[in-house]
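What follows is each chain in one-letter form.
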Amino acid sequence: FRITFPAYSTTQLAEIFETMARKRGLTTTNHDALIDCAEKLTHSRGFSNARTMRNLLDHSIIEAASSHDDATIYDKDLLSAANHVFTSKEKQAVGF
């Protein structure tokens, strides 16, 4: 069987991302860029609400760690991470 969750708005998804980032001691620099990424992700294959935002955050942290020393997620980190999340969903195999 399948459990259906109501979809979050892109603003709510951005807030979820920012809350998870804050809990990890990170800050973000551009709320509008985050909303744009959330909008694109909602239409991507394999989108799963807050889980997708957590994946975006995880990849953003990796991008940030490889490019600078401060605890900030910049636009370039977010865009690189979003590209990875989009790409990984397209190539993801189903089954065993």
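Please refer to the structure higher up on the page.
Everything quoted here is computed from the prediction, not taken from an experiment. Counting of residues starts from 1 at the beginning of each chain's written sequence and follows it residue by residue. Where totals are concerned, whole chains, interfaces and linings use all residues; where local detail is concerned, this predicted model gives features only for residues with pLDDT of at least 70, and gives and counts side-chain atom pairs only at 80 or more. To obtain the side-chain values, all non-hydrogen atoms of the structure were included, while hydrogens and water were left out.

Turning our attention to the overall build of the protein. Tallying secondary structure elements over the protein gives four helices and two strands in all. Secondary structure follows DSSP: runs of H or I at least 4 residues long count as helices, runs of E at least 2 residues long count as strands, and numbering of each begins at the N terminus. Starting at the N terminus and ending at the C terminus, the protein contains elements arranged as α-β-α-α-β-α. Relative to its length of 96 residues, the protein is compact, with a C-alpha radius of gyration of 13 Å against a globular reference of 12 Å. Along the first, second and third principal axes, the C-alpha set of the protein runs to 45 × 25 × 20 Å. The 96 residues of the protein split such that 32% are buried. Residues count as neighbours in contact if any of their non-hydrogen atoms are within 4.5 Å of one another. For the protein, contacts bridging at least 24 residues in sequence account for 67% of all contacts bridging at least 6. Side chains of the protein carry 11 positive and 12 negative charges; the gap between the two charge centres is 11 Å. To get the radius of gyration, use the C-alpha atoms; to get the globule rule, take the number of residues to the power 0.38 and multiply by 2.2 Å. For each residue, the accessible area found with a 1.4 Å probe, counting protein chains only, is set against the maximum for its type, and the residue is called buried under 20%, exposed over 50%, and partly exposed in between. Counted as positive: Lys and Arg. Counted as negative: Asp and Glu, with His and the chain ends omitted from the count. The location of each charge is read from NZ of Lys, CZ of Arg, CG of Asp or CD of Glu.

This part covers the pattern of salt bridges. Here the idea is simple: oppositely charged side chains can pair when their charged atoms come close. Take a side-chain nitrogen of Lys or Arg and a carboxyl oxygen of Asp or Glu: if they are within 4 Å of each other, that pair is a salt bridge. Counted under the stated rule, the structure contains one salt bridge. Between Asp58 and Arg24 there is a salt bridge, with the nearest N and O atoms lying 2.9 Å from each other. Separated by 34 residues along the polypeptide, Asp58 in helix H3 (residues 50-67) and Arg24 in the loop between helix H1 (10-23) and strand S1 (27-28) bring together distant segments of the chain.

Our focus in this paragraph is the environment of Cys37. Topologically, Cys37 is positioned in helix H2 (residues 31-42). The spacing of Cys37 and Phe5 is 32 residues in sequence and 20 Å in space, taken between C-alpha atoms. Those residues in contact with Cys37 that lie beyond four places of it in its chain are Leu56, Leu78, Leu79 and Ala82.

The interhelical angle for the contact between H2 and H3, taken along N-to-C directions, is 125 degrees, at an axis separation of 11 Å. Comparing their axes, H3 and H2 come out oblique. Between H2 and H3 the crossing geometry is right-handed. In this structure, H2 uses Leu34, Cys37, Ala38 and Leu41 to contact H3, whose residues at the interface are Thr52, Met53 and Leu56. Classifying every residue of the contact of H2 with H3 by side-chain character gives six nonpolar, one polar and no charged. Axis definition: a line fit to C-alpha positions, over the contact stretch in the case of helices; interaxial angles, taken between N-to-C directions, run 0 to 180 degrees. When describing relative orientation, an angle under 35 degrees is termed roughly parallel and one over 145 degrees roughly antiparallel, while 65 to 115 degrees is termed roughly perpendicular and anything else oblique. A clockwise turn of the near helix away from the far one marks a right-handed crossing, whereas an anticlockwise turn of less than a right angle marks a left-handed crossing. Gly falls in the polar group here, along with every residue not listed as nonpolar (Ala, Val, Leu, Ile, Met, Phe, Trp, Tyr, Cys, Pro) or charged (Asp, Glu, Lys, Arg).

A separate point is the nonpolar core. Membership of the largest hydrophobic core comes to 20 residues, with the highest contact counts inside it found for Phe17, Leu34, Met53, Leu56, Leu57 and Leu78. When contributions to this core are tallied by element, the ones reaching two or more residues are H1, H2, H3 and helix H4 (75-91). At six residues, the largest contribution of residues to this core is made by H2. Those residues in contact with Leu57, other than ones at most four positions away along the chain, are Phe17, Met20, Ala21, Arg24, Leu26 and Ile73. Buried residues of nine kinds, namely Ala, Val, Leu, Ile, Met, Phe, Trp, Tyr and Cys, make up a nonpolar core once their side-chain atoms join them within 4.5 Å.

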